[in-house]
Amino acid sequence: MVSKMLKKQRERNRYLAFLVALSMIVTMIVPLGMMKPAISAVNGDIQPVLGEETPRGVLGEGDGWEGQSSGYAPSDAPSGAVDLTSYLTSAEYLLNGVYVSNATVDGGDNTEVGSNFKLDYSFNDGRIGTNAGKYVYYQLPEGVSIPIDVYGQNAVAIDNTDNYNKWRITNGYSPEDDDSNVSGYYTINKETGLVIIKFTDTYLKYIDSNSGAFEGSINFFGSAQREKNEDGDLELEFGGTTQPINVTFNDKSAELDKTSQLLSENYEKPRVKWTVTLTNPLGWFDYSNSQISDSFIANAIDGTVNIEPSGAGTVDKANSKVDLNKTSDKLITITYETYVEDSQIVTQADGTAVEGKTATLSADQPSYTFDKLPKYQADGETEIEYSVEEVEVKGYASEVGDL
């Protein structure tokens, strides 16, 4: 870069005296308020003032376009900009250091997965050129987001062929220029996902000379956001002739749990407090038109039913259910109480009731053990399978212990 500057300086030595005198005159007549520093601050970083063909601030500066609304990345396309969608030829995702088309990405348990995206495009219809459009725009597909507004001298569009560089050499541009394949600059608005590319004046001349045909690409860092449903999988469609990028995530479903607590103090008749919890891990599942069926709710003591958060559902005791309202709360808790009623149980051997082996459970006797039961059937070899049947269940559960 230094040698390039020295070369240019030598070529202009014969004009040096004139330029010095001119600069003195300009210094004297330009008001101090209009003088600009040699550097400018962009998002806290100090960067050189950009050249004539590089967009500073708003991409449309100097064109009468006032489309900026979010930092340096416009949220609206300039008038006359061409939609890039149908001109896209490839959408690639950076996997293990390699850009892959039709990629399948494993998102695991994450809610998003990020890497570089690369979009290739191809024009041949003359819609871009010196006397045509100089802007193209593109709307990122739903599911792709970027962490910050993208803009500046590193957000460059690249020509994908050798033809542009050959044209530059033929037309007197130095092949040593660092930006020899830079065709323009782009911005991406974080909030809207709108991409805008502005092609440089030099590149527009090249397009003119090539009958309006050119190929190029941009690449940027972005994230694929998990779908807000159970499987979370994404199929990112970019348009044109691109193939989709598929992102798979581990399934995450809502979880339902029920616990009980015996309440014996301060009540004439013992109660059981039931707690039903519905967990929505990511707050992504919409429970509209969903319900929780619970046979015990029909026996709930009046005034004991409570649903948190308020308004998340409506209790239907007659049909032993809770109808959930439109909500995506991460945690819904339903509590209610029932009385502990006596419950008669009958012992069964291989599915047949055993005469005389019945018991009644109550608050005073919450468990009962049946003993002295034969282990084998009449053949002396086949074990008898015992079970219990609850004739009426109101607040109790039964189990068979080891004989």
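Not measured: the values here are computed from a predicted model. (Residues numbered from 1 in each chain as written. Predicted model: local features only at pLDDT ≥ 70, side-chain atom pairs only at ≥ 80, totals over all residues. Heavy atoms only, no water.)

Student: Describe the sheet that holds strand β22 (residues 331-339), naming the residues involved and giving the relevant values.
Tutor: In any sheet, the strands associate via hydrogen bonds between backbone groups, in a parallel or an antiparallel arrangement. Judged by pairing direction, the sheet is antiparallel, and its four strands sit side by side in the order β16-β17-β22-β19 without closing on themselves. At either margin of the open sheet sits one strand with a lone partner, and together these are β16 (255-263) and β19 (306-308). On average, adjacent strands in this sheet sit at an angle of 15° to one another, irrespective of strand direction. For strand β17 (residues 271-279) and β22, the ladder comprises nine bridges, and the chain directions are antiparallel. Considered in β22, the bridge of V276 is made with I334. (Pairing = 2+ DSSP bridges. Helix = DSSP H or I, 4+ residues; strand = E, 2+ residues; numbered from the N terminus. Axes fitted to C-alpha atoms, helices over the stretch in contact; angles between N-to-C directions.)

Student: Describe the packing of aromatic side chains, with residues and values.
Tutor: All chains considered together, the criterion is met by 18 aromatic pairs. Their ring planes at 45° and their centres at 6.2 Å tell us that F117 and F238 sit as a pair that is tilted. Placement of F117 in strand β7 (residues 112-123) and of F238 in the loop between β14 (234-236) and β15 (245-249) is noted, with a sequence separation of 121 residues between them. No difference in accessibility class separates F117 from F238, as the two residues are buried. By the ring-pair criterion, three or more aromatic residues cluster together here, those being Y87, Y121, F123, Y164, W167, Y173, F199, Y203, Y206 and F214. Positioned over the ring face of W274 is K258, at 4.5 Å from the centre of the ring. (Phe/Tyr/Trp six-rings, centres within 6.5 Å; stacked < 30°, edge-to-face > 60°. Buried < 20%, exposed > 50% of the residue type's maximum accessible area, 1.4 Å probe, protein only. Lys NZ or Arg CZ within 6 Å of the ring centre and 35° of its normal.)

Student: If you had to explain the nonpolar core to someone new, which residues and values would you point to?
Tutor: Within the largest apolar cluster, 43 residues are counted, with the highest numbers of intra-cluster contacts made by I197 and F238. If one sorts the elements of this core by residue count, β7 sits on top with five residues. The contact partners of I197, leaving out residues within four places of it in the chain, are L84, Y121, K134, Y135, V136, A157, Y185, Y186 and I218. (Core = buried A, V, L, I, M, F, W, Y, C linked by side-chain atoms within 4.5 Å. Contact = heavy atoms within 4.5 Å.)

Student: Please give an account of the environment of V105 that cites residues and values.
Tutor: One can find V105 in strand β6 (residues 104-108). You can call V105 buried: its relative accessible area is 5%. Between the alpha carbons of V105 and D233 there is a distance of 9.9 Å; along the sequence they are 128 residues apart. Contacts of V105, omitting those with residues within four sequence positions, involve Y93, L95, V113, I245, N246, V247 and T248.

Student: Go over the sheet that holds β14 with me, naming the residues and quoting the values.
Tutor: Strand order in this open sheet of three strands is β6-β15-β14, and the pairing throughout is mixed. A single partner strand is all that each edge strand has here, and the edge strands are β6 and β14. The mean angle between the axes of side-by-side strands here comes to 20°, regardless of whether they run parallel or antiparallel. Here four bridges tie β6 to β15, and the two strands are oriented parallel to one another. Looking across to β15, one finds that D106 is bridged to T248.

Student: Tell me what's going on with the pairing of strand β10 (residues 156-159), and back it up with residues and numbers.
Tutor: With three bridges joining them, β10 and strand β11 (residues 182-188) adopt antiparallel strand pairing. Pairing of V156 across the sheet is with Y185, part of β11. Here β10 pairs with strand β13 (residues 214-225) via two bridges, running antiparallel. The partner of D159 across the bridge, within β13, is G216.

Student: Give a detailed account of the confidence of the model for the protein chain, specifying residues and quantitative values.
Tutor: In this model, the protein chain carries a mean pLDDT of 74, and residues with pLDDT of at least 70 account for 66%. Every residue in residues 1-71 is under pLDDT 50, and counting partners more than four places away or in other chains gives 63 contacts. Note on residues 393-403: pLDDT is under 50 here. Beyond four places in sequence and across chains, it has 26 contacts. (pLDDT = per-residue confidence, 0-100.)

Student: An account of helix α4 (residues 201-209) is requested, with residue identities and associated values reported.
Tutor: Taken residue by residue, α4 has T202, Y203, L204, Y206 and I207 as its buried positions. Residues of α4 that are buried in the fold lie against β10, α3 (163-170), β11, β12 (194-199) and β13. Following α4 by one or two positions, S211 has its phi on the positive side, about 60°.

Student: Lay out a negative patch on the surface in plain terms, naming residues and giving numbers.
Tutor: Together, E142, E227, E230, D231, D233 and D251 make up a region of like negative charge exposed at the surface. On the secondary structure map, E142 appears in the loop between β8 (135-139) and β9 (144-145). Using a relative accessible area of 78% as the deciding quantity, one classes E142 as exposed. (Patch = residues over 30% accessible without salt bridge, like charges linked within 9 Å, V, L, I, M, F, W, Y side chains within 5 Å. Areas by Shrake-Rupley, 256 points an atom, 1.4 Å probe, with all protein chains shown as cover. Salt bridge = Lys/Arg side-chain N within 4 Å of Asp/Glu carboxyl O. Lys, Arg positive; Asp, Glu negative; His and termini not counted. Charge placed at Lys NZ, Arg CZ, Asp CG, Glu CD.)

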